[in-house]
2 protein chains.
Amino acid sequence: MGATKTEHFTAEQNEMANLMKALAHPARIAIIDYLLKVNACICGDIVNELPLAQPTVSQHLKELKNAGLIKGSIEGTAICYCIDETTFLKFQNYLTHIFGIINTNKNNCC
Amino acid sequence: MGATKTEHFTAEQNEMANLMKALAHPARIAIIDYLLKVNACICGDIVNELPLAQPTVSQHLKELKNAGLIKGSIEGTAICYCIDETTFLKFQNYLTHIFGIINTNKNNCC
DNA sequence: TCTATTTATCGTAATATTGCAATATACAAA
DNA sequence: TTTGTATATTGCAATATTACGATAAATAGA
């Protein structure tokens with residue numbers, strides 16, 4: 001097998017799992033961390049910031065872009081990537097809900 | 001290759017990527033959703049709640065347990081699973097930080 | 001003890017992910 | 001046009017994940 005049975009789960013469950021999957025690699029966490037640290041679009045030097053070959057970085061950026069977590073625009077010979085706030089907001093809404101329940105329901109466990 | 005180069009990233013980046021990976025499947029999101037919905041330990045009927053075979057569910061539970069997101073205790077012939085708040089708190093701390101930066105740095109993007 | 005029930009593990013097939021060399025593409029500047 | 005620079009794509013090998021049938025282990029109750 002090896003293929004996730006997405007059709008049996010709710011749209012939200014699949015959506016959240018996809019966002020988690022997009023962030024389920026330290027290189028992609030590092031990219032997000034870096035984008036937030038420089039607090040701007042990155043135009044050119046992401047590859048130098050990561051301990052991976054250029055095609056690998058390009059692939060990770062593509063996955064983050066497909067998930068909607070970052071967006072890019074062509075800027076001459078370079079590409080500018082930055083955080084896509086809309087998707088992060090959706091992600092935040094789900095997680096805030098989850099964390100909210102966890103924090104109010106403390107100690108009702110075996 | 002196929003193996004993540006964890007040694008090149010920070011401990012926090014690897015830790016967060018691992019938590020994301022543990023949640024990067026709709027079945028595991030569904031398990032967490034269900035645990036929160038019933039607001040208690042689940043003793044016995046997780047398998048019936050999911051559209052997957054028993055060995056598959058058992059495997060997903062194991063992954064959530066390995067990641068520290070749930071904990072289980074033997075209760076007669078059944079196993080009781082529940083949310084592990086400590087790990088979720090760590091996860092929340094990281095994400096609250098990320099979301100905080102994103103929400104304060106709006107519109108400084110290309 | 002025997003049986004039923006519940007959860008875990010093993011083994012395996014199908015599929016997905018990771019990483020990079022080689023190469024392609026796109027554009028700026030000489 | 002040619003050269004240099006930056007990013008993307010292709011192709012492939014190594015590894016990981018997903019799913020489940022078969023089976024094991026553990027316990028409760030007859």
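In what follows, the structure referred to is the one given above.
Residues numbered from 1 in each chain as written. Chains lettered and ligands numbered in written order. Predicted model: local features only at pLDDT ≥ 70, side-chain atom pairs only at ≥ 80, totals over all residues. Heavy atoms only, no water.

Peer 1: How should the overall build of chain A be read in this particular structure?
Peer 2: Looking only at helices and strands, chain A features five helices and three strands. Each helix and strand of chain A, ordered N terminal to C terminal, gives the series α-α-β-α-α-β-β-α. Computed over the C-alpha atoms, the radius of gyration of chain A is 17 Å, more than 25% above the 13 Å expected from 2.2 N^0.38 for a compact globule of 110 residues. With respect to the three principal axes, the spread of C-alpha positions in chain A is 55 × 35 × 25 Å. (Helix = DSSP H or I, 4+ residues; strand = E, 2+ residues; numbered from the N terminus. Rg over C-alpha atoms; globule rule 2.2 N^0.38 Å.)

Peer 1: What exactly am I supposed to notice about the pattern of salt bridges here?
Peer 2: For side chains of opposite charge, pairing can occur when their charged atoms come near one another. Residues and elements named next belong to chain A. Following the criterion strictly, the structure yields four salt bridges over all chains and no others. With a closest N to O distance of 2.8 Å, Lys-90 and Glu-15 form a salt bridge. In this pair, Lys-90 is assigned in helix 5 (residues 85–104) and Glu-15 in helix 1 (residues 11–22), connecting sequence segments 75 residues apart. Given a relative accessible area of 48%, Lys-90 falls into the partly exposed group. For Glu-15, a relative accessible area of 32% corresponds to the partly exposed category. For Glu-63, the salt bridge identified is with Arg-28, shortest N-O distance 3.1 Å. You can see Glu-63 sitting in helix 4 (residues 54–66) and its partner Arg-28 sitting in helix 2 (residues 26–38), a full 35 residues away along the chain. A relative accessible area of 32% places Glu-63 in the partly exposed class. (Salt bridge = Lys/Arg side-chain N within 4 Å of Asp/Glu carboxyl O. Buried < 20%, exposed > 50% of the residue type's maximum accessible area, 1.4 Å probe, protein only.)

Peer 1: Explain the packing of helix 2 of chain A against helix 4 of chain A to me, please; I cannot follow it from the model alone.
Peer 2: How two helices pack is summed up by the angle between their axes together with the distance between the axes. All names here are of chain A. Taken N-terminus to C-terminus, the directions of helix 2 and helix 4 make an angle of 75°; their axes are 10 Å apart at the nearest point. Between helix 2 and helix 4, the crossing angle belongs to the class labelled roughly perpendicular. Two secondary-structure elements touch here, helix 2 through Ala-27, Arg-28, Ile-31 and Ile-32 and helix 4 through His-60, Leu-61, Glu-63 and Leu-64. Of the residues belonging to the contact of helix 2 with helix 4, the class tally is five nonpolar, one polar and two charged. (Axes fitted to C-alpha atoms, helices over the stretch in contact; angles between N-to-C directions. Parallel < 35°, antiparallel > 145°, perpendicular 65-115°, else oblique. Contact = heavy atoms within 4.5 Å. Nonpolar A, V, L, I, M, F, W, Y, C, P; charged D, E, K, R; others polar.)

Peer 1: Even after reading the chapter, I still don't get the relation of the copies chain A and chain B, so can you show me in this structure?
Peer 2: In summary, the two copies of the chain are related to each other by a rotation about an axis coupled with a shift along it. Superposing chain A onto chain B requires a rotation of 180° together with a translation of 0.0 Å along the rotation axis, leaving an RMSD of 0.0 Å. In symmetry terms, the pair is related by a two-fold rotation axis. When C-alpha positions in chain A are compared against the rotation axis, the closest is assigned to Met-20 of chain A, at 2.4 Å. Residue by residue, 100% of the interface of chain A is reproduced at the interface of chain B, so both copies engage with the same surface. (Least-squares fit on C-alpha atoms with pLDDT ≥ 70 in both.)

Peer 1: Would you mind going over the environment of Ile-98 of chain B with me for this structure?
Peer 2: For Ile-98 of chain B, the position within the fold is in helix 5 (residues 85–104). In sequence terms Ile-98 of chain B and Val-57 of chain B are 41 residues apart; their C-alpha atoms lie 31 Å from each other. Aside from chain neighbours lying at most four places away, what touches Ile-98 of chain B is Asp-33, Leu-36 and Phe-88 of chain A.

Peer 1: Honestly, the interface of chain A and chain B in this entry has me stumped. Any pointers?
Peer 2: Buried accessible area, meaning the area lost when the parts come together, often serves as the stated size of an interface. Contact with chain A, which involves 47 residues of that partner, is made by 47 residues of chain B. Counting across the chain A and chain B interface gives zero salt bridges. Along the contact surface separating chain A from chain B lie seven residue pairs in polar contact (both at pLDDT 80 or more). With twelve residues, helix 5 of chain A is the single largest residue contributor to the side of chain A that touches chain B. For the side of chain A that touches chain B, the per-class residue count stands at 30 nonpolar, twelve polar and five charged. (Polar contact = N/O pair within 3.5 Å; in protein donor to acceptor, adjacent residues only side chain to side chain.)

Peer 1: How should helix 2 (residues 26–38) of chain B be read in this particular structure?
Peer 2: Because the α-helix completes a turn every 3.6 residues, residues three or four places apart line up on one side. Residues and elements named next belong to chain B. Here helix 2 spans 18 Å end to end across 13 residues, near enough to the 18 Å set by a 1.5 Å rise per residue. In terms of residue burial, helix 2 counts as a mostly covered element, since ten of its 13 residues are buried. Listing the buried residues of helix 2 in full gives Pro-26, Ala-27, Arg-28, Ile-29, Ala-30, Ile-31, Ile-32, Tyr-34, Leu-35 and Leu-36. Directly after helix 2, the chain includes Asn-39, whose backbone phi takes a positive value near 55°. (Expected span 1.5 Å × (residues − 1).)

Peer 1: How should I be thinking about the packing of aromatic side chains in this particular structure?
Peer 2: Within a pair of aromatic rings, the relevant descriptors are the distance that separates the centres and the angle that separates the planes. Tallied over the entire structure, the rule returns four aromatic pairs over all chains. Ring centres of Phe-88 of chain A and Phe-99 of chain B lie 6.4 Å apart, and the angle between their planes is 75°; on these two criteria the pair is classed as edge-to-face. Here the residue Phe-88 of chain A occupies a position in helix 5, and Phe-99 of chain B occupies one in helix 5, the pair thus bridging two chains. Aromatic pair Phe-91 of chain A and Phe-99 of chain B: ring centres 6.2 Å apart, planes at 85°, arrangement edge-to-face. On the criterion of chain membership, the pair formed by Phe-91 of chain A in helix 5 and Phe-99 of chain B in helix 5 is interchain, its members lying in two chains. (Phe/Tyr/Trp six-rings, centres within 6.5 Å; stacked < 30°, edge-to-face > 60°.)

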